[in-house]
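# Close look at the chain arrangement
The chain contents come next:
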Amino acid sequence: MNPLLEQFLSESRDFSQGISEKLMQMEGAPSDQGLINELFRLVHTLKGNSGLFTFPEMTRVLHAGEDLLGLVRNGRIAYSQELADRLLDAIDLVMEMCADIEATERIDASRAGDSARMAESLRALIPEVPSEAPAPVAIHPGATPAGLPLLSEVPEAARKEALRQCRGGEALHWVCYAPVQDCFFQGDDPFFCARQTPGLLWGAAKPLQALPLLAELDTYRCLLQFHLLTSASREELSEYFRYVPDQVSIVPVNPQLLEPSVSAPPGNVQHHSAAADGFKGGAANSPDSPQAPAEDQDEASRERAAALDRILAAQEQILKLDDRPEWSGGRLQSVAAVLVNLARAAGDEVAISEIEAALAECLSSGQNALLLLWLETGREHLVARLSSPSASPAQVKHKPAAGPPNSSGEAAATEGAPAQSAASDGIKFGRRAEDNAPSPRSLKVDQAKIDRLMNLIGELVVSKNALPYLAQRAESQFGVRELSREIKGEYSVINRIVDEMQDAIMQVRMMAVSYIFQRFPRLVRDISRKLGKEVQLVLEGEQTEADKNIIESLADPLIHIVRNSLDHGLETPEVRRACGKRETGTLTIRAAQEADRVVIEIIDDGKGIDPAVIKQKAYEKGIIDEAALGRIDDREAVNLIFAAGLSTAAVVSDLSGRGVGMDVVRSAVEKINGTVVIDSELGRGTSIRISLPLSMAVTQVMVVESDGQLFGVPMDNVVETVRIAKGQLRTIKQTLAAVLRGRIVPLKSLNTLLGIPAAPRANSEHELAVLLVHAGGEVLGLLVDGFKETIGLIQKPLGGFLSGLTAYSGSALMGDGSVLMILNVREII
Amino acid sequence: MKRVLIVDDAATVRMYHRGVLESRGFAVEEALNGIEALEKALETPFDLLLVDVNMPRLDGLGFLKEMRRQQIPQPPAIMVSTEAAARDEMAACHAGANCYLVKPVRPLQLLAHARLMLGEANQ
């Protein structure tokens, strides 16, 4: 796979994990702005990454998620459970897509529907804009081909150009673009967008409705719609407006309507021609200026004076804020920018230079006194100048365009905000020492590389073991004792280094159990919500480490146990209340290292398991006989749930809920040489304890000989080695057995089990070698010809055709280069 | 060899940009955020900066501003962002960026701008 794609997948998984974690954390702190920002950033970056490739399905979902979180971040939507649920689902879908990409380097075609549905469901959470502005087509009959009344407003020059292009074969289209009112918060820039429309010939911005009074005008809402005449094709326009398809209507224009015969009176054309020039030329041609009602001159000027007063009062308030001294620079600049713009609107050049001088002084002294002083003294003058009805009409008309309410406010904001952030960044930068802490110096390596290194070290172990043989030959065959000693000396050095290497590579393969634990918060939350139970999850010892393979093969059994606990162990809040327990159940998952084993405990304070029920079921299923029914104690009875065949079908409702039972858990754990025990107290809770080796990489095996061949038996299976005289063998019901320390032990010949015709050979004292092994809870004696040494070796699974041989769990290379087959004891008996 | 500093928190994007630039003989260094970038820029001068806007700890705009505030000589800077909005572009230019590209940046587009910024447009 292309390395960039690999990088993308690995990073996507990290991000997805991070997003899930953040979402879970937000359940506890739904208004934590830091968390929301971080969450938004993760989704945003992930979306950006997906854009590098052609994965539109993924980008679409993430884009919707980003939009949604953007609104949460701005406080326009409140965080909710439902929102978290949908986002988690979306992230799950993204993970599935990642799996597709990993397998086939592309997203399965069947995902397109899911992706669209998911994006839809995310967007459904984005509230509709309070609809004073109905759908664009409806509000403007001008958008329908029949009417196009605005066509009459198109100036002569633009008409001629349109007709010319039309004769040149271009189709003409009328675009009505009505941005949603909160489009600014979605990152849209409708004015820019409209002006950049391909093939634009003419355009006008019209207010959706009569604009409110200046004092009530919310400058953060877009109250305009755009009418555009363009010579671009429909496809081109659809492509250009692809992010806002619902806000745009595109209709073809019949060129005949543009012929001079149907044109409007010249005067009208002239008037709008000016407007159009302004629009194309780039000046913000404010829509309300032409309509400013002349008769309300006095009313308007009073209103302006009041608005100005409020603006100036706000500036004074801003100047007097002293909560965050590091922001004062930004505040000063912002206030000064507003004042300068006001002064500019009033045409007061002197005031501008005064303000600028005051700002420079304030910035250098860190005091706000001078600007405050200017506000006090210059205020009256400014208000009088700006709101005076005697101000020249040109000025009044000019004002809304370049004056305070719109553009200058915006300019102040853009000037002010970055200045503030720069100031706070400066502070952040000053705390660098602590900032440095959270970036772990770790390296991501492909597992295949580690495995290769591991194999190489394994081979090194084997080849190093050839040295003692060589030393022996040097001495016995060639009689060079000196050389032999030197070889032995070198061997011990190499031996030590190889041991350390082996240890080091084991360390590399070590993984913290948090790798599996981290998915539990989500799992527990989802299941307990589905079941209507209240569960508090406690994770302990997440940093405990074990070999990667162990950790990975532990995931499924653990999930199964956790599901079981939630499903059948913990009770519903009502039941718990009735039992006098806390309504919220506690599920503890704890990991710890004990000697060379990792112990994982899953403890719940639920209703526990009734040993009597288990015993009865086990008896009914024929797992235990009548004698055992009376004999076994409660603890043993509870552990019967691990027996194959117990927790299936008939007892589903009591124990497991699914077709798979706890025996699956046991066999999975035993496959990695682990053990699992359960302890339960009726009414108080259940605790399951899994004990695992730290590492599977090196297996201790006992080498035994049978019919001249060597076999390895994992030490985990070996109980002891004994020699039994032939005379002590008994035959019970056609089975060989012997009495060992008062217990009857069944005996089986390894030769027979492996299909070797030879009989077990006794030694010179007529004793047979018996290897006592335990498997599946029973002890059994294996008759072999002889015992050899116990060695640690690196077991390799059988590959290819040999993988079907279940009698062997694997093979290993011996020091002399021969191959040792390792028996799978559970399978052969 | 011209040295480029890629500042981006997304490893995938860094790798992608690095691949494009290295294929045309640029020497590339990476930083994960503005703070790291500042440290690198203080250590050795670069010929070109390729800066993401949205980053943890110190974002792209903050980084350029901080460079200016600390009077570290700033090489030409290309700002990259997923935001296509004009005001983001404006903010980037105010912060000292010489050019603003919208992600995903196509390889040729990136190279053309890199050369342009380095005054190698005609070579």
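Counting of residues starts from 1 at the beginning of each chain's written sequence and follows it residue by residue. Chains and ligands are labelled by the order in which they are written, letters from A for the one and numbers from 1 for the other. Per-residue local features are limited, in this predicted model, to residues with pLDDT of at least 70; the limit for side-chain atom pairs, both in listing and counting, is 80 or more; totals at the level of whole chains, interfaces and linings are taken over all residues. No hydrogens and no water enter the side-chain calculation; it runs on all heavy atoms of the structure.

We now examine the overall build of chain B. Secondary structure counts use DSSP, requiring at least four H or I residues in a row for a helix and at least two E residues in a row for a strand, with both numbered from the N terminus. Within chain B, the regular secondary structure consists of 5 helices and 5 strands. Helices and strands appear in chain B in the N-to-C order β-α-β-α-β-α-β-α-β-α. Here the analysis covers contacts within chain B between residues at least 6 apart in sequence; of these, 61% occur between residues at least 24 apart. Note that accessible areas follow from Shrake-Rupley with a 1.4 Å probe, and for residues the cover is restricted to the protein chains shown. Of the roughly 5,200 Å² of accessible surface on chain B, a fraction of 51% belongs to carbon and sulfur atoms. Throughout, a residue-residue contact means that at least one pair of heavy atoms, one from each residue, lies within 4.5 Å.

It is worth spelling out the overall build of chain A at this point. Secondary structure summary: chain A contains 31 helices and 22 strands in total. Each residue gets one of three labels from its accessible area relative to the maximum for its type: buried under 20%, exposed over 50%, partly exposed in between, using a 1.4 Å probe on protein chains only. Counting only residues that meet the buried cut, chain A has 42% of its 829 residues in that class. Of all intrachain contacts in chain A linking residues separated by at least 6 positions in sequence, the fraction that spans at least 24 positions is 70%. Carbon and sulfur atoms make up 53% of the accessible area of chain A, which amounts to about 41,700 Å² in all.

Turning next to the nonpolar core. Residues enter a nonpolar core if they are buried and are Ala, Val, Leu, Ile, Met, Phe, Trp, Tyr or Cys, with the set joined through side-chain atoms within 4.5 Å. In terms of nonpolar packing, the biggest core is built from 67 residues, with M58 of chain A together with L21 of chain B touching the most fellow members. Considering each element in turn, this core owes the most residues, 11 residues, to helix α4 (residues 81-104) of chain A. Ranked by size, the runner-up nonpolar core spans 48 residues in total, among them F520, L523, A637 and F642 of chain A.

Let us now look at the sheet that holds strand β15 (residues 730-732) of chain A. Residue and element names in this part refer to chain A. The 6 strands are arranged β14-β18-β19-β17-β16-β15 in an open sheet whose pairing can be described as mixed. The outermost strands of the open sheet, each flanked by one partner alone, are β14 (718-725) and β15. Between one strand axis and the next, the sheet turns through 40 degrees on average, direction left out of account. In this sheet, strand β16 (residues 735-740) lies alongside β15 in antiparallel orientation, the contact comprising 3 bridges. Paired with I732 across the two strands is T735, which belongs to β16. When DSSP locates at least two bridges between a pair of strands, those strands are taken to pair. Inter-axis angles, ranging from 0 to 180 degrees, are taken between N-to-C directions of lines fitted to C-alpha atoms, where helices are fitted over the stretch in contact.

Bringing the environment of Q317 of chain A into the picture now. Residues and elements named next belong to chain A. Summarising the element assignment, Q317 is placed in helix α11 (residues 297-320). Look at Q317 and you get exposed, because its relative accessible area is 58%. Spatially, the C-alpha atoms of Q317 and L372 are 9.8 Å apart, while their sequence positions differ by 55 residues.

This brings us to the sheet that holds strand β2 (residues 27-31) of chain B. Residue and element names in this part refer to chain B. Pairing in this open sheet of 5 strands is parallel, and the strands run β2-β1-β3-β4-β5 from one edge to the other. Every other strand in the sheet has two partners, leaving β2 and β5 (99-102) as the edge strands with one partner each. Across the sheet, the mean angle from the axis of one strand to that of its neighbour is 20 degrees, orientation sign disregarded. Bridge analysis of strand β1 (residues 3-7) against strand β3 (residues 48-52) gives 4 bridges, and the strand direction is parallel. Note on β3: the bridge partner recorded for V7 is V51. Together, β1, β3 and β4 (77-81) form the strand contacts of helix α3 (residues 60-69), whose direction differs from that of β3 by roughly 140 degrees. The strands touched by helix α5 (residues 107-117) are β3, β4 and β5; relative to β5, the strand with the most contacts, the crossing angle is about 175 degrees.

A few words on the state of the cysteines. All names here are of chain B. Disulfide assignment relies on a single distance test, namely cysteine sulfur atoms paired within 2.5 Å. Under the counting rule described, the total for this entry stands at 0 disulfides over all chains. Free of any disulfide, C93 has its nearest neighbouring cysteine sulfur in C99, separated by 8.1 Å. Residue C93 is classed as partly exposed on the basis of its relative accessible area of 38%.

This brings us to the packing of aromatic side chains. What counts as a ring pair is set by centres within 6.5 Å for rings of Phe, Tyr and Trp (its six-membered ring), and what kind of pair is set by the plane angle: stacked under 30 degrees, edge-to-face over 60, tilted for all other angles. Enumeration over the complete set of coordinates arrives at 10 aromatic pairs over all chains. Both rings, one in F8 of chain A and one in F53 of chain A, keep their centres 4.7 Å apart while their planes meet at 45 degrees; by these two values the pair is tilted. On the criterion of sequence distance, the pair formed by F8 of chain A in helix α1 (residues 3-28) and F53 of chain A in the loop between α2 (33-51) and α3 (56-73) is long-range, its members being 45 residues apart. With centroids separated by 5.0 Å and ring planes inclined at 85 degrees, the aromatic side chains of Y240 of chain A and F241 of chain A adopt a geometry described as edge-to-face. Under the relative-accessibility criterion, F241 of chain A is labelled buried at 3%. In textbook terms, an aromatic cluster arises when at least three aromatic residues are bridged by ring pairs, as seen for Y177, F191, F226, Y240 and F241 of chain A. By the criterion adopted, a ring carries a charge over it if an Arg CZ or a Lys NZ lies within 6 Å of its centre and within 35 degrees of its normal. In this arrangement the basic side chain of R73 of chain A is found over the ring face of F40 of chain A, its NZ or CZ atom lying 3.9 Å from the centre. We note R3 of chain B situated over the ring of F46 of chain B; from NZ or CZ to the ring centre the distance is 4.5 Å.

Residues and elements named next belong to chain A. Summarising burial for strand β11 (residues 685-693): 8 of the 9 residues are buried, a large majority. Across 8 bridges, the pairing between strand β9 (residues 597-604) and β11 is antiparallel. By the bridge assignment, I603 is partnered in β11 with S687. One ladder, built from 7 bridges, connects strand β10 (residues 675-681) with β11; its direction is antiparallel. Residue pairing in the sheet places S680 in a bridge with T686 of β11. The antiparallel hairpin formed by β10 and β11 contains 3 residues in its connecting segment, where G683 sits at a positive phi of about 85 degrees.

Okay, a nonpolar patch on the surface next. The patches reported here contain residues having more than 30% relative accessible area and no salt bridge. Joining distances are 9 Å for like charges and 5 Å for nonpolar side chains (Val, Leu, Ile, Met, Phe, Trp, Tyr). Within this document, salt bridges are pairs made up of a side-chain nitrogen of Lys or Arg and a carboxyl oxygen of Asp or Glu, the two lying within 4 Å of each other. Together, L460, V493, I497 and M501 of chain A give the surface a local cluster of nonpolar side chains, amounting to about 290 Å² of exposed area. For I497 of chain A, the position within the fold is in helix α20 (residues 481-509).

Okay, the confidence of the model for chain A next. Detailed reading of the predicted coordinates is not advisable wherever pLDDT is low. Residue and element names in this part refer to chain A. With 83% of its residues at a pLDDT of 70 or more, chain A shows a mean pLDDT of 77. Confidence of the predictor at the level of single residues is captured by pLDDT, which takes values from 0 to 100. For chain A, helix α6 (residues 136-139) is the element with the lowest average pLDDT, namely 36, and strand β6 (residues 535-540) is the one with the highest, namely 91. In this model residues 262-293 is a low-confidence stretch, pLDDT under 50, and it forms 43 contacts with partners more than four residues away in sequence or in other chains. In the model, residues 648-659 has pLDDT below 50 throughout and makes 28 contacts with residues more than four positions away in sequence or in other chains.

Residue and element names in this part refer to chain A. Note that S238 resides in helix α9 (residues 234-240). For S238, a relative accessible area of 37% corresponds to the partly exposed category. A C-alpha to C-alpha distance of 8.8 Å links S238 and V248, two positions 10 residues apart in sequence.

Turning next to helix α2 (residues 34-43) of chain B. Residues and elements named next belong to chain B. All of the buried residues in α2 are G34, I35, A37, L38 and A41. In a view along the axis of α2, the buried residues occupy a sector of 160 degrees, so they form one face of it. Pairs of N or O atoms are called polar contacts if they sit within 3.5 Å, as long as, within protein, a hydrogen donor faces a hydrogen acceptor (for residues adjacent in sequence, only side-chain-to-side-chain pairs). For α2, the N-terminal capping position is held by N33, with its side-chain oxygen 3.0 Å away from the main-chain nitrogen of I35. The reported arc concerns the directions from the helix axis to the C-beta atoms and nothing else.

This part covers the interface of chain A and chain B. By convention, interface size is frequently given as the accessible area that disappears when the constituent parts associate. At the interface, 31 residues of chain A touch 28 residues of chain B. Here the quantity called buried area is the total loss of accessible area, with a 1.4 Å probe, experienced by two parts when brought into contact, counted for both. Here chain A meets chain B over a buried area of about 2,600 Å², counting both sides, of which 60% is carbon and sulfur. In this assembly, chain A and chain B are joined by 1 salt bridge. Inspection of the chain A/chain B interface yields 5 residue pairs in polar contact (both at pLDDT 80 or more). Among the elements of the structure, α1, α2, α16 (404-430) and α17 (432-435) of chain A are those that each provide at least two residues to the side of chain A that touches chain B. Residues of the side of chain A that touches chain B, tallied by class, amount to 11 nonpolar, 10 polar and 10 charged. Only Asp, Glu, Lys and Arg are considered charged in this grouping, and only Ala, Val, Leu, Ile, Met, Phe, Trp, Tyr, Cys and Pro are considered nonpolar; every other residue, Gly among them, is considered polar.

This part covers the side chain of R522 of chain A. By the element assignment, R522 of chain A lies in helix α22 (residues 520-531). Residues in contact with R522 of chain A, not counting those within four places in the same chain, are M24, L88, D89 and D92 of chain A.

We now examine unusual backbone geometry. All names here are of chain B. The residue after K103, namely P104, is reached through a cis peptide bond having omega -10 degrees. Structurally, P104 is set in the loop between β5 and α5. Here R57, not a glycine, exhibits a phi torsion of approximately 70 degrees, which is positive. Within the element layout of this structure, R57 appears in the loop between β3 and α3.

A separate point is the packing of α4 of chain A against α22 of chain A. All names here are of chain A. Relative to each other, α4 and α22 sit at 125 degrees, their axes nearing to 13 Å. By the angle between their directions, the pair α4 and α22 is classed as oblique. You can see that α4 and α22 cross each other, and the crossing is left-handed. Contact residues: α4 offers Q81, A84, D85, L88, D89 and D92, while α22 offers R522, R525 and R529. Here the residues of the contact of α4 with α22 are counted per class, giving 2 nonpolar, 1 polar and 6 charged. Reported orientations rely on four angle classes, namely roughly parallel under 35 degrees, roughly antiparallel over 145, roughly perpendicular from 65 to 115, and oblique for the rest. Whether a crossing is left-handed or right-handed is set by the direction in which the near helix is turned from the far one by less than a right angle, anticlockwise for left-handed and clockwise for right-handed.

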